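What follows is each chain in one-letter form.
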Amino acid sequence: MEYFLQQLVNGVTLGSIYGLIAIGYTMVYGILGMINFAHGDVYMVGAFIALIAFLGLLAFGLTALPLILLLVLFATMLLTSVWGWTIERLAYRPLRGSFRLAPLITAIGVSIVLQNFVQLSQEARVKALPPQIHGGLALLGQTRISFTQILVILATVSLLAGFTYLIARTPLGRAQRACSQDMKMAALLGVDVDRTIALTFVMGAALAAVAGLMHLLLYGVIDHYIGFVAGVKAFTAAVLGGIGSLPGAMLGGLLIGLIETFWAGYFSAEYKDVAAFSVLIIVLIFMPSGLLGRQEIEKV
Amino acid sequence: MSAGGDAARPAPTQAAPPRVAPSRLGHALRDALLMALVALALFGPLLGLKTVPLTTGLALESRWHLVAAAVAIVFAGRFLLRYLVWRADRPAGTAARPAASAPRGWFVKALTPALLLTALAWPLLPTTDRYLLDIGILILTYTMLAWGLNVVVGLAGLLDLGYVAFYAVGAYSYALLAQHFGWSFWICLPLAGILTAFAGILLGFPVLRLRGDYLAIVTLAFGEIIRLILINWYEFTGGPNGISGIPRPSFFGLPFTAGEGGFAAAFGLEHSPLHRIVFLYYVVLALALVTLAFTVRLRRLPVGMAWEALREDEIACRSLGINTRNTKLTAFAIGAMFGGFAGSFFATRQGFISPESFVFMESALILAIVVLGGLGSQIGIAIAALVMIGGIELLRNLAWLKAVFGPDFDPSLYRMLLFGLAMVTIMVWKPRGLVSARMPSIQLAQRKAVGAHLVGQGRG
């Protein structure tokens, strides 16, 4: 029971990170209908920026941890969203309205560029940051939840709430929903489509940046390859939850995180990814539009 | 971007006196300053601060000169573009124009035989050495893979992101068959092809109902599952160490060895290690040409026409009585089979295979070749393979850059970075691929090519 609870806590934390990345995929997909393959690498860039910001602030002589965390969070979100904006502007916007495989290929190109840029500028070695937040709470018996895990879960919940509000209630959210329903019509009615799409990428990148920071805090080890695996898992999560649906992305992320953790905990760590992907395939066989996705009506 | 706006504001007033028509110079300067700020945000932390390991942990090392250079380049480039190149203000987000009409006829007509002749004569050219032969083999392998994937993506319109799985299945089938049963390459090759075709059907069944990007992610997941199984199933596949000592091919029974009974002795030639490479080159050329001929013929057969109909419109297809399930499965099986042939060839050429050769990047590369080649154009794919694989190899030989940037500059590190940039640039420049003309498989009065923008891309 204690073991189960511990795995549950770990799984939910991991799932939160996947969920945050998956939201970026799902928002872009909802509007543009494209797989932003470079999104996983934006997350990796976010983790690196967070690492550099941490080291910079520590070297600067700051000691108050909450202040450092807040500054790092702010800097990481800001700088990573500039990356998101630039990528959209250079690699996706020129191809809007083109056929649908073209942006997929540029996305793969951008992913290669980001990985190699970070590898060249920061060297290929694995980077380790010693744990910054110590301690935790004891739950039932031996089960523990660390303060980092609490932070991750709290941050995810508040971000999710914030973004749900943003999409449901603000003018920007309305513009986004309009674009995802009918981009041409939205443009005719005065929605600035280019700006809306750019802001969608900025939001996705900011969330990915938070996920990167969380990864850094939780595991303390990053390298320039973390983007690919996390990106594939997060995209799997987005598809599992029904791509285009925000709560679906979060649900899918949690499911993938839980499946992975429990499989590694009870069966074999080697096959945890196989388990996650197999669940995806099985779910899609029976529910071709994911768990919370809408069934698309096809017309000739 | 509010910070960017504030900082950039003084620029136009300095450059352009107020009330004089909003000058282009002012606009260009302001725009370039904004872009320079973006570049500063992009490169500042990642390029300017390098994490260096110390004994006590990580420390930062600043390299602001690099950031300054990058920002200056962006500023200058953007300014020149704005001021000199983009004279009229182009509307943002201009959609890709429909591809121009068919390329000049004589050029394309001459290109195919010229490429074929070059490919045939390549090993015989006096300038060809071991290195160039290896590159030729590599290019042909990728051409063959891309032609195989083209059946699935270009003809049937099913987006497959896990094609490398079939390459892997082919390679491991050959390696295991050849090692455990001692069969020769020519027996194992068709067997590996059949096994891989079954793998294709295995993938095809669960994804029959999926469309578009759901299909893409499941094929990607399938590729990863195969790779993870290859890594973790030690007893069968050798795990991460792979399989070594795979039998080398022989010239229909004559091994490429020195001395009695070898290929050289039988033909009265002097023994040379190049013989085997030349033989391998012609084997892969033959395999590639078989793939080409097979797919070109298939397009004219009912099944090929059904594939293309499926790509254009699945619902219309079904209502016309085409069995979409069988059509999809044959596309997966045949595409997979060619991947399996290529994999067998890869295994026998390398003599060693490991899961590391079958990562997602390979799938992406093959797909990029197909799309850059023009999705469905056979000659375009061959050209794209030549450009991409040849380009990667060219980038390996950038030693002359050492003269420019100093001796401790390692150009080969920049290979993949430049490759990725080239991928983005080519795609933005020619979204429809390098060859954007198609030959319809049915025509009424006369044969003529149509622009690729008239061809559907399939929704899965």
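Residues numbered from 1 in each chain as written. Chains lettered and ligands numbered in written order. Predicted model: local features only at pLDDT ≥ 70, side-chain atom pairs only at ≥ 80, totals over all residues.

Participant: Explain the overall build of chain A to me, using residue names and the numbers behind them.
Facilitator: In terms of helices and strands, chain A carries 11 helices and four strands. Taking 300 residues into account, the globule formula puts the C-alpha radius of gyration at 19 Å, and chain A, at 19 Å, falls close to it. Buried positions account for 52% of the 300 residues belonging to chain A. (Helix = DSSP H or I, 4+ residues; strand = E, 2+ residues; numbered from the N terminus. Rg over C-alpha atoms; globule rule 2.2 N^0.38 Å. Buried ≥ 20, exposed ≤ 12 C-beta atoms within 10 Å, placed from the backbone.)

Participant: Quick one: what's the story with the overall build of chain B, residue by residue and with numbers?
Facilitator: Secondary structure assignment for chain B yields 19 helices and six strands. Buried positions account for 42% of the 460 residues belonging to chain B. In chain B, the proportion of contacts linking residues at least 24 apart, taken out of those at least 6 apart, comes to 72%. (Contact = placed C-beta atoms within 7 Å.)

Participant: Outline the interface of chain B and chain A, listing residues and values.
Facilitator: Residue-level contacts link 52 residues of chain B with 59 residues of chain A. Among the elements of the structure, helix 3 (24-48), strand 1 (49-54), strand 2 (57-62), helix 9 (212-232), helix 14 (314-319), helix 16 (360-373) and helix 19 (415-429) of chain B are those that each provide at least two residues to the side of chain B that touches chain A. Counting residues per element, the side of chain B that touches chain A draws most heavily on helix 9 of chain B, at 12 residues. Considering only residue class, the side of chain B that touches chain A consists of 41 nonpolar, six polar and five charged. (Nonpolar A, V, L, I, M, F, W, Y, C, P; charged D, E, K, R; others polar.)

Participant: Account for the nonpolar core, with residues named and values stated.
Facilitator: With 223 residues, the main nonpolar core has Ile21(A), Ala368(B), Ile369(B) and Ala385(B) as its most contacted residues. No other element matches the 16 residues that helix 8 (residues 193-219) of chain A contributes to this core. Apart from residues no more than four positions distant in its own chain, Ala385(B) is found in contact with Ile139(B), Tyr142(B), Thr143(B), Ala146(B) and Ile369(B). (Core = buried A, V, L, I, M, F, W, Y, C linked by C-beta atoms within 7 Å.)

Participant: How would you explain the environment of Arg30(B) if you had to name every residue and give the values?
Facilitator: Its location among the elements puts Arg30(B) in helix 3. Spatially, the C-alpha atom of Arg30(B) lies 56 Å from that of Leu125(B), the residues being 95 residues apart in sequence.

Participant: I'd love a proper account of the pairing of strand 2 of chain B, names of residues and values included.
Facilitator: Residues and elements named next belong to chain B. Where burial is concerned, little of strand 2 is hidden: zero out of the six residues are buried. Relative to strand 2, strand 1 runs antiparallel, the two sharing six bridges. For Pro53, the partnering residue across the bridge sits in strand 2 and is Leu58. (Pairing = 2+ DSSP bridges.)

Participant: Describe the environment of Ile87(A), and please don't skip the residues or the numbers.
Facilitator: Note on placement: Ile87(A) falls in helix 3 (residues 65-92). Separated by 115 residues in sequence, Ile87(A) and Val202(A) place their C-alpha atoms 9.9 Å apart.

Participant: Summarise the packing of helix 6 (residues 130-155) of chain B against helix 16 of chain B; cite the residues concerned and give the values.
Facilitator: All names here are of chain B. Helix 16 packs onto helix 6 with a crossing angle of 75° between their chain directions and a minimal axis gap of 9 Å. In this view, helix 6 runs roughly perpendicular relative to helix 16, as classed from their interaxial angle. Between helix 6 and helix 16, the contacting residues are Tyr142, Leu145, Ala146, Leu149, Asn150, Val153 and Gly154 on the first element and Ile366, Leu367, Ile369, Val370 and Gly373 on the second. (Axes fitted to C-alpha atoms, helices over the stretch in contact; angles between N-to-C directions. Parallel < 35°, antiparallel > 145°, perpendicular 65-115°, else oblique.)

Participant: Describe helix 8 (residues 185-204) of chain B, and please don't skip the residues or the numbers.
Facilitator: Residues and elements named next belong to chain B. Taking 1.5 Å as the rise per residue, helix 8 with 20 residues should run 28 Å; its terminal C-alpha atoms sit 28 Å apart, in good agreement. Every buried residue of helix 8 is accounted for by Phe185, Cys188, Leu189, Ala192, Gly193, Leu195, Thr196, Ala197, Ala199, Gly200, Leu203 and Gly204. The secondary structure elements touched by the buried residues of helix 8 are helix 7 (164-181), helix 9 and helix 15 (324-350). (Expected span 1.5 Å × (residues − 1).)

Participant: Report on the confidence of the model for chain B, specifying residues and quantitative values.
Facilitator: Residue and element names in this part refer to chain B. Taken residue by residue, chain B gives an average pLDDT of 80. The fraction at 70 or more is 81%. Segment residues 1-18 is flagged for pLDDT under 50; beyond a separation of four residues in sequence, or across chains, it makes 21 contacts in the model. Scored below 50 in pLDDT, residues 91-102 makes 21 contacts in the model with residues more than four places away or belonging to other chains. With a pTM of 0.84, the predicted complex shows an ipTM of 0.85. (pLDDT = per-residue confidence, 0-100.)

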